[in-house]
Amino acid sequence: MNIGGELWTAAVVAFAAIFTNNILLMFFLGMCPFTSVSREVKTAFGLGLAVVFVMTSTSLLNWLAYHHILVPLKLEFFRFIMFIIIIAAFVQFVEMVIDRYSPKLYYGLGIFLPLITVNCAILGASLFMVIRDYTFIVTIGFGFGSGLGWLLAIMAMAGIRQRLAHARIPRGLDGPGITLIIAGLMALAFIGFTGVLS
Amino acid sequence: MSPNGGTPGTRAIIFDGLWHNNPVFRQILGICSTLAVTNLVLNTLVMCAALTMVLAASSLTVSLLRKFTPRNIRMMVQTLVIAFYVIIVDTSLRGYWPDMSAALGPYVGLIITNCIIMGRCEAFAGTNKPFGALTDGFFNGLGYSLLLLAIAIPRELLGMGSILGFPMPYFSGAWDRWIIMVMPPGAFFTLAVIVWICRAIKPREEKIA
Amino acid sequence: MREKPWFAVAYMFAVTAFFSFIVIGLARVTAERVRRNEQLAFERAVLMALQMAQGKTAEQIHQTFVEMIEPVQGENNYGLIRDGELAAYAVGFSGRGFWAPIRGVIGIEPDRQTVIGIAFYDQKETPGLGGEIVGQTFRRQFENLKLNPGPRPIEFRPFGATLDSHQVHAITGATQTCTRLEHLMNEDINEWLRIVAQEDTK
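In this text, all values refer to a predicted model and were calculated from it rather than measured experimentally.

Draft legend 1. Expanded view of the interface of chain C and chain B. Contact with chain C, which involves 23 residues of that partner, is made by 26 residues of chain B. When its residues are assigned to classes, the side of chain C that touches chain B shows 13 nonpolar, seven polar and three charged.

Draft legend 2. View of the sheet that holds strand 1 (residues 69-71) of chain C. Residues and elements named next belong to chain C. Spatial strand order, 1-2-3-4-5: five strands in an open sheet with antiparallel pairing. In this open sheet, the two strands that pair with only one neighbour each are strand 1 and strand 5 (115-122). Neighbouring strand axes in the sheet, compared pairwise and without regard to direction, differ in orientation by 25° on average. Of the strand pairs in this sheet, strand 3 (residues 85-96) and strand 4 (residues 101-108) are connected by eight bridges, and their pairing is antiparallel. Of the residues in strand 4, the one forming a bridge with Val-91 is Ile-106. Lying on the sheet, helix 4 (residues 175-201) is in contact with strand 2 (77-82), strand 3 and strand 4; it crosses strand 3 at an angle near 135°.

Draft legend 3. Representation of the confidence of the model for chain C in the model. Confidence in the prediction of chain C, expressed as mean pLDDT, is 86, and 99% of residues score 70 or more. What the predictor reports for the complex is a pTM of 0.81 with an ipTM of 0.83.

Draft legend 4. Main features of the interface of chain B and chain A. Contact residues are listed per partner, giving 33 residues for chain B and 32 residues for chain A. At the level of elements, helix 2 (32-35), helix 4 (74-96), helix 6 (115-123) and helix 9 (184-201) of chain B are the ones that each hand at least two residues to the side of chain B that touches chain A. A per-element tally of the side of chain B that touches chain A places helix 9 of chain B first, with 11 residues. When its residues are assigned to classes, the side of chain B that touches chain A shows 26 nonpolar, six polar and one charged.

How each quantity is defined
Residues numbered from 1 in each chain as written. Chains lettered and ligands numbered in written order. Predicted model: local features only at pLDDT ≥ 70, side-chain atom pairs only at ≥ 80, totals over all residues. Contact = placed C-beta atoms within 7 Å. Nonpolar A, V, L, I, M, F, W, Y, C, P; charged D, E, K, R; others polar. Pairing = 2+ DSSP bridges. Helix = DSSP H or I, 4+ residues; strand = E, 2+ residues; numbered from the N terminus. Axes fitted to C-alpha atoms, helices over the stretch in contact; angles between N-to-C directions. pLDDT = per-residue confidence, 0-100.

This is how it looks when you write it as structure tokens:
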């Protein structure tokens, strides 16, 4: 196992996951909170941080579960159930820990946690990890990078929408419509990152 | 729910699912899973069929089990039921249509987290009769599919000059293809336009339920 | 009875067991099919890379493969044997694509320079964009390509650029897929060239 090579691959994958393969703007995952919660930069930041944490941790846990339990038993198709259970259990556990040890943090962050369980991006990251056959170290990079990419996208969206709060938008376009157009423009912009790291 | 608290009539369910409460442009739910595959009409059709099937079957199952399921684990049971139907669909696709399975990639598995299915099970199937739940699931799925086809058709037509793989008269010839439509931003823009059109036709009314 | 705590656990267990039974059954039933599909996809790709797959049914593909294709030096490389002699190489290439690993075969003449064709047997790139690598228009470019000696036997140029004999056009809108494909193809081709050169000196 070439640690040096793997760390480099992990870094490249992480970089790609943030910019060129952004899990939200290129792969359309994690959009439900994107359109509803992204009005204030502060809220978006909190949600994004929670997503980074949960995505990295659950990607790792799911890697371990997949390669050490499901594959040896030839039950790969059970991964959907296993991943969802692990994600739900992990979020539940984190919620309990935060609630117990830091009510302040719970007040700021804890309300987002149930939202995250059904965030398709979290499950999506784990499923991508399986399809692309990442190693353990690369999965760390991928989970972390994808989370950061999602955070970046949602914060940018919140920032833009805060600016647009007083703009005159046609009635049918208000709300989800304009959010989607912003998302499209952002996706367009992110495509421009292709080729930065060859 | 109808005024007298029972399962609403079938006609009401159908129109609710298809238009009044359409999951995509009214509720803006559950687009994550399918938006990625809307650059080809055929893939969209398969994906929507899969989702409608899972939605209808899950609604039916949850409704059948509603009198036995303890209240505090009902969300877990719902998730389990949905996950199982998705596994069945995914496994079947992989065995009998491997090219399509490869094209749809992880998005079939992501139907599990699709908010529509969970939403309908929670909001409707858990408290209504099986036939009503099945109809509701099916027509919500149909409403979803129609909207997504409305996205996929312009994307494939303008981006690749074909529909369902068949080249279209003007678009596959003189038309200069809009590659942007085949790429992710195209999906966002097309959906935005569709939502705009639908919402302009039917602005949100305050329904006194 | 619904309210007793053990009921919840037993209920979950029962529901899981019931559905697991169905799902595992389905998986077993389709497992053989899946394996055969994958095998056939690989065999078809090898024959397509050697321009020998036209008009053949699945049965014929398998038959031809078994009769005429043998593994040769290196990992995942095959040779076409006609009348006991090596008539062409089928070099397997694989590596990370944009979405998932891309696996394919490139057919090369015995002169080790002229390309016969390419084909893919496993790719999950974006349909309509990266996925077009399996299409006729893209693959046809590789027929009669001349491999360039050096680190990049095959090069991708933007659509519309003039091409040298070792260059092909990339797919517009699928930059990432094409960049990765170029990289992984060249890596495996060079690996193969190195191995056959070694064999010669033996």
